[in-house]
Amino acid sequence: MRFWLGTAIAAAALATVAGTVKYEYFFFAGYTVLMFVVLATAWNILGGYAGYVNFGTPAFFGLGAYTAAVLYKATALPLALQIAAAATMAGLLGLAAGLLTLRLRGIFFAIATIALVVIMETVFINWRYAGGATGLQLLRPAPIPPFESYTKMLFVVMGVMAIAAVAIARYIERSWVGRGLRAIRDSEEAAEANGVPTLRLKVFACVVSGALMGAAGAPMPMYLSFIEPASTFNLNYAVGALASPMIGGTAHWAGPVIGAMLLASLQQIVTVTVSNEINVLLVGVLLVIFIVAAPEGIIGLAQKLRRKLASRRKAAR
Amino acid sequence: MGMFWELLPEAILFGILLGGFYAAVSMGLSVSFGLLDVPNVAHPAIMVFGSYCTYLLAQQGLDPIVAGVLLMPPFFLLGMAVYRFYYEAFERRGAEAGVRGIAFFFGVALIIEVGLILAFGVDQRMVEAAYVGVAASVGEIRIPLRMLVAFGVAVVLTVALTLYMSRTFTGRAIKAVAQDEPALRLMGADPVRIKQWAFGIATGVSALAGAMLIIVGPVEPALDRVYIGRTFAVVVLAGLGSMTGTVAAGLILGISESIVLMQFGASWAPAVSFALLLAVLGFRPQGLFGR
């Protein structure tokens, strides 16, 4: 109940922001932040709950973006259908990758996902119709009323996707699927011995996670009016999607949301005021510090603090 | 198709040289990941770091190979420090170390890469030496001398490491840790100290590999990304930790990449190692010479 109230408040906030803020740049930057919320939430379904590290975010994201771009070029498909097609394609990629490598230990899956990124990038570099290495210029259609600008519309679309992604992640977390995934993370042998269908759950998580990443990539060509392989399959998406849950906390659905909001906002500010390199360095350093010193993330730190305060209060009484 | 058969011998010869080089750059990972089970995805980044150190020394007039050998002791110490830190922060705490261990090395790779960008910029760097930019002719085929030099160093490195692992006491101890750590502990040996030593060796070897990397071609900070695929493909295809396997796998990768390069062009070449890796993981995860 509280969650649905939260969802309603988030949706209302999204609508209010879209209705009142006048700066176009706010929507431009806000879109990126919300996109990282989707990516981090999607990553956490497999990476956080089941403990399988996925470096392949750019592969799923990029496949989604290219699916949307190619469909738009071929048939001028409306955005909603582009997103649906992108999610389907990326989900299928998740299914194939999962079936091929999720039988193996975690590190092999992690390396296989890096491989996916390079293979995807190579395929699209060599595909003439999709623009090859030089990329594809796309003409945006007019925004659909009540939106007066296309960027604002994309901002709201991404906001809705972020809310949907969090709802899906939370549903999985609370259901028997989530319990199964956590059992896999703690001890795969024990889970298997206790009758948890480990492979099926892992593949399911991989498909859902991949589909959400693909959906997050779908509006990207419209957002930039352009698509090209090097920036679409950039490893920085993998870094953001992995670092956000690690920093926010992987055990709870709110962890990736907090992490992505913080990290992506910080990155936007640093990129504009200092430089893009410093921004990547910052993420790397933050990631290492959190992994070593605060493995439960910000959520874990907050819980620890609350427990400490509670015990102190008890002692005072 | 006539063209294909005409060019094939040259492609295979070039592939063998390239493969020897790939085997050499994967040696360090074959020890750290193959034998010690450390998810060292920062291995290629450390290697590229070695290339830049070689570049700096070469600017002072040193021969790049000499520079690479000189860099081995400091990199050995660096590796020992990295492993100690990894052990204290993750391995000792046991549970869930998998995810965080991988993410940790990923973060380290990222920091090295961006650090190099900040220090040197994104431009490519290369070294000057008598054997860079010259070619030797074998019949009608021209072989760049730098590839031959790298191949020679690779052979020496492989032989030395194989002998070290099979003949010396420490080498055998490292293999023993890989085979059965609890047994070693029961016999009163300290597996952590042996692993620390082995990780130091793996990192020291990476320094020389880095020197060869910059001899073979120009280097840029983001080069480690392609080499994640190449080195892991070689180590997994080899069957974890097998030195002979590493050479065989390096040759397989080198020859396939060279043939694809000749037949389909340079834009397809980076995908070869990753496709090979995926195929091995999917169909023969224990590798060719699996233990």
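In this text, all values refer to a predicted model and were calculated from it rather than measured experimentally.

## What about the overall build of chain B?
Link 1 in the chain: A tally of regular secondary structure across chain B gives 11 helices and 2 strands.
Link 2 in the chain: Mapped from its N terminus to its C terminus, chain B presents α and β elements in the order α-α-α-α-β-β-α-α-α-α-α-α-α.
Link 3 in the chain: Along the longest, intermediate and shortest principal axes, the C-alpha atoms of chain B span 60 × 45 × 35 Å.
Link 4 in the chain: For chain B, buried positions account for 53% of its 291 residues.
Link 5 in the chain: Long-range contacts, defined as pairs at least 24 residues apart, comprise 78% of the intrachain contacts of chain B with a sequence gap of at least 6.

## Some details on the overall build of chain A
Link 1 in the chain: Helix and strand counts for chain A come out as 15 helices and 2 strands.
Link 2 in the chain: For 317 residues, the compact-globule formula gives about 20 Å, and the C-alpha radius of gyration of chain A, at 20 Å, lands near that figure.
Link 3 in the chain: Burial analysis of chain A (317 residues in total) assigns 50% to the buried set.
Link 4 in the chain: Summarising the internal contacts of chain A: among those between residues at least 6 apart in sequence, 79% fall at separations of at least 24.

## Thoughts on the environment of Gly 56 of chain A
All names here are of chain A.
Link 1 in the chain: For Gly 56, the location among the structural elements is in the loop between helix H2 (24–47) and helix H3 (57–75).
Link 2 in the chain: Considering only alpha carbons, one finds Gly 56 and Gly 217, 161 residues apart in sequence, at a separation of 13 Å.
Link 3 in the chain: Not counting residues within four places of it along the chain, the set of residues in contact with Gly 56 comprises Thr 113, Ile 114, Leu 116 and Val 117.

## Quick word on the interface of chain B and chain A
Link 1 in the chain: Taken together, the contact pairs 31 residues of chain B with 34 residues of chain A.
Link 2 in the chain: Only helix H4 (97–120), helix H9 (224–238) and helix H11 (269–283) of chain B provide two or more residues apiece to the side of chain B that touches chain A.
Link 3 in the chain: Of all the elements, H4 of chain B adds the most residues to the side of chain B that touches chain A, at 13 residues.
Link 4 in the chain: When its residues are assigned to classes, the side of chain B that touches chain A shows 23 nonpolar, 5 polar and 3 charged.

## Digging into the confidence of the model for chain B
Keep in mind that low pLDDT regions are not for reading the predicted coordinates in detail.
Residues and elements named next belong to chain B.
Link 1 in the chain: Looking at chain B as a whole, the pLDDT averages 86, with 96% of positions reaching at least 70.
Link 2 in the chain: Across chain B, the element-wise mean pLDDT spans from 70 in strand E1 (residues 135–138) up to 94 in helix H2 (residues 43–59).
Link 3 in the chain: Both scores are given for the predicted complex: the pTM is 0.89, the ipTM 0.85.

## Things to note about helix H10 (residues 243–264) of chain B
Link 1 in the chain: A rise of 1.5 Å per residue sets the reference length of H10 of chain B, with its 22 residues, at 32 Å; its end C-alpha atoms lie 31 Å apart and thus fit the reference within 8%.
Link 2 in the chain: Residue Gly 265 of chain B follows H10 of chain B closely and has a positive phi angle near 100°.

## Comments concerning the nonpolar core
Link 1 in the chain: Counting residues in hydrophobic clusters, the biggest one holds 212 residues, and the most contacted among them are Val 38 and Leu 39 of chain A together with Phe 21, Met 212 and Leu 277 of chain B.
Link 2 in the chain: Counting residues per element, this core draws most heavily on helix H8 (residues 191–216) of chain B, which supplies 15 residues.
Link 3 in the chain: Once residues lying within four places of it in the same chain are set aside, the contact partners of Met 212 of chain B are Phe 21, Ala 24, Val 25, Gly 68, Ala 150 and Val 153 of chain B.

## Comments concerning unusual backbone geometry
Link 1 in the chain: The phi dihedral of Ala 76 of chain A falls on the positive side, at around 50°, and the residue is not glycine.
Link 2 in the chain: Along the chain, Ala 76 of chain A turns up in the loop between H3 and helix H4 (79–101).

## Notes on the packing of H2 of chain A against helix H12 (residues 235–248) of chain A
Residues and elements named next belong to chain A.
Link 1 in the chain: Two elements in contact, H2 and H12, have axes separated by 8 Å at closest approach and are oriented at 70°. Considering their axes alone, H2 and H12 lie roughly perpendicular with respect to each other. The interaxial crossing formed by H2 with H12 has right-handed handedness. Within the contact between the two elements, H2 uses Phe 36, Leu 39, Ala 40, Trp 43, Asn 44 and Gly 47 and H12 uses Tyr 237, Gly 240, Ala 241, Leu 242, Ser 244 and Pro 245.
Link 2 in the chain: Of the residues contributing to the contact of H2 with H12, the split by class is 8 nonpolar, 4 polar and no charged.

The rules behind each value
- The residue numbers shown here count from 1 along each chain, following its written sequence.
- A letter from A marks each chain and a number from 1 marks each ligand, given out in the order of writing.
- Since the coordinates come from a predicted model, pLDDT governs what is reported: local features require at least 70, and pairs of side-chain atoms require 80 or more to be given and counted, while whole-chain, interface and lining totals use all residues.
- Numbering of helices and strands runs from the N terminus, with a helix taken as a DSSP run of H or I at least four residues long and a strand as a DSSP run of E at least two residues long.
- Every C-beta atom is placed from the backbone, and the number of other C-beta atoms within 10 Å of a residue's own sets its class: buried at 20 or more, exposed at 12 or fewer, partly exposed in between.
- Working definition of a contact: two residues with C-beta atoms, positioned from the backbone, lying within 7 Å.
- C-alpha atoms define the radius of gyration, and 2.2 Å times the number of residues to the power 0.38 defines the globule rule.
- Put simply, Ala, Val, Leu, Ile, Met, Phe, Trp, Tyr, Cys and Pro go in the nonpolar bin, Asp, Glu, Lys and Arg in the charged bin, and everything else, Gly too, in the polar bin.
- Scored from 0 to 100, pLDDT reflects the predictor's confidence in each residue.
- By this rule the span expected of a helix is its residue count minus one, scaled by 1.5 Å.
- As used throughout, a nonpolar core is a set of buried Ala, Val, Leu, Ile, Met, Phe, Trp, Tyr and Cys residues joined through C-beta atoms within 7 Å of each other.
- Whenever a helix is involved, its axis is fitted only over the stretch in contact; in every case the axis is a line through C-alpha atoms, and angles between N-to-C directions fall within 0 to 180 degrees.
- Any angle from 65 to 115 degrees is called roughly perpendicular, while one under 35 is roughly parallel, one over 145 is roughly antiparallel, and all others are oblique.
- The handedness criterion is simple: a crossing whose near helix is rotated anticlockwise from the far helix by less than a right angle is left-handed, and one whose near helix is rotated clockwise is right-handed.

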